[in-house]
Number of protein chains: 2
Amino acid sequence: MPRVVDHDQRRVEIIAAACRTIARTGWDSATMAVIAAEAGYANGALKPYFSTKDDLLAAAFDHVYAQTGRRMAAATIGKHGLAALRAYCREILPLNDTTRDEARILVPFWHKGLTTAHLAARHEHAIREFRTQLQHHLTEARDAGQVRTPIPDHDIVGHLITALLGAQITATLMPHLETAHTLTAQLDSFLNLLTHP
Amino acid sequence: MPRVVDHDQRRVEIIAAACRTIARTGWDSATMAVIAAEAGYANGALKPYFSTKDDLLAAAFDHVYAQTGRRMAAATIGKHGLAALRAYCREILPLNDTTRDEARILVPFWHKGLTTAHLAARHEHAIREFRTQLQHHLTEARDAGQVRTPIPDHDIVGHLITALLGAQITATLMPHLETAHTLTAQLDSFLNLLTHP
């Protein structure tokens, strides 16, 4: 009987290996050969699944996005308004090894996205989804009287997204300046500012 | 008489050509040959000035940093406190063609900085200088009674830096979502929040 290959499972393993490799070595050193070795496959075994490294980067981004989304869903269960907004944002912030590794995948993705339209489009889709969710929790917080600032919602949501993306840079490039502690304090301070009328 | 070459001038021209090329084509397509052609020199003419592309990227970053610093100095002349803080931040935000081009150099720089310690150190030095200046203007704004929030200065300065870096991503990767108008509105809204006790 021929060996049955579970192609979906193999695809998942390759993406996970790519994420680990990119986070550890950086994008330039993470060649297809290195990623194949990390996944435990022979060189060339990736080609049927990802014909270019850009395809693999796109899949790695989707993986990070889905993983972040699952954490957000779990972290906000039973929470509403400002507490949900805070829990949601904390899952994007690079506060631990997992999320710092995600940041080390996001930065190369942004770099490639500057010149590769389909990667930029993927990113914009993800950010639009984040914005919708942030707006949902913000509306709840307004309705509950927790957020009382007259600053427009649009500015708050845009500002949160911008700061959360910027934190991917500060936490990975300047770990001496920005730590889990300072990034959390900055988020809490910003949310605190929103509670004042 | 042999032709006299002004090496400092040539170095400046090469850096300017590198910045234009990286901003236009992206980092990967901006080969030493393409940058030499942009500067009007023969292939190989860059080598005596920059032996590697990373050296050129470091010089391009220094150029952007110095250029931003000169704009900040000019924009804050005669301004104090919150007005100076606002003017200072606006020179980092990608609000026009010049600053959007700077953002397109910063993103590849961050990407390389993840795996190249001397580039990350250069970045941290620049950010520490920005933080010192932001703190200076914030202290003035506190002293003048313009900033009245009890949120710690450290959080405000850290948050501003993080948001300003994040704007380099949003403005270049998602120009449909974040424009000069929305980025300015977000900055003004944040500064407005700081004025409440």
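What counts, and where the lines are drawn
Residues numbered from 1 in each chain as written. Chains lettered and ligands numbered in written order. Predicted model: local features only at pLDDT ≥ 70, side-chain atom pairs only at ≥ 80, totals over all residues. Heavy atoms only, no water. Least-squares fit on C-alpha atoms with pLDDT ≥ 70 in both. Contact = heavy atoms within 4.5 Å. Buried area = accessible area lost by both parts, 1.4 Å probe. Salt bridge = Lys/Arg side-chain N within 4 Å of Asp/Glu carboxyl O. Polar contact = N/O pair within 3.5 Å; in protein donor to acceptor, adjacent residues only side chain to side chain. Helix = DSSP H or I, 4+ residues; strand = E, 2+ residues; numbered from the N terminus. Domains from an automatic or database assignment. Nonpolar A, V, L, I, M, F, W, Y, C, P; charged D, E, K, R; others polar. Buried < 20%, exposed > 50% of the residue type's maximum accessible area, 1.4 Å probe, protein only.

## A short note on the relation of the copies chain A and chain B
- For the pair chain A and chain B, the superposition axis carries a translation of 0.0 Å, the fit reaches an RMSD of 0.0 Å, and the rotation angle comes to 180°. Interpreted geometrically, this transformation is the action of a two-fold axis.
- Of the interface residues in chain A, 100% have counterparts in chain B that sit at the interface too, so the contact is made through matching surfaces.

## Points about the interface of chain A and chain B
- Listed as interface residues are 50 residues of chain A and, on the opposing side, 50 residues of chain B.
- The largest per-residue losses of area from chain A upon contact with chain B belong to His111(A), Leu173(A) and Leu193(A), which jointly make up 16% of the total buried on that side.
- Here chain A and chain B share four salt bridges between them.
- A salt bridge links Lys112(B) to Asp28(A), with the shortest nitrogen-to-oxygen separation between them at 2.8 Å.
- If you look at where chain A meets chain B, you find ten residue pairs in polar contact (both at pLDDT 80 or more).
- Put simply, the parts of the chain that give the side of chain A that touches chain B at least two residues each are α5 (97-113), α6 (117-143), α7 (153-173) and α8 (180-194) of chain A.

## Describing the domain arrangement of chain A
All names here are of chain A.
- If you check the domain split of chain A, you get domain 1 (1-51) and domain 2 (60-194).
- On a C-alpha basis, the centroid separation for the pair domain 1 and domain 2 is 29 Å.
- Across the domain 1/domain 2 interface, buried area totals approximately 620 Å², and carbon plus sulfur atoms make up 82% of it.
- Looking at the side of domain 1 facing domain 2, the largest losses of area belong to Cys19, Ala23 and Trp27, adding up to 65% of the total buried there.
- At the junction of domain 1 and domain 2, the tally comes to zero salt bridges.
- Scanning the region where domain 1 abuts domain 2 turns up one residue pair in polar contact (both at pLDDT 80 or more).
- Per-class residue counts for the side of domain 1 that touches domain 2 are five nonpolar, no polar and no charged.

## A few points about the environment of Leu160(A)
Residue and element names in this part refer to chain A.
- With respect to the helices and strands, leucine 160 occurs in helix α7.
- You can call leucine 160 buried: its relative accessible area is 3%.
- On a C-alpha basis, the gap between leucine 160 and cysteine 89 in space is 8.1 Å, while along the polypeptide they are 71 residues apart.
- In this structure, leucine 160 is in contact with Leu85, Cys89, Leu134, Leu187 and Phe190, ignoring residues within four places of it in sequence.

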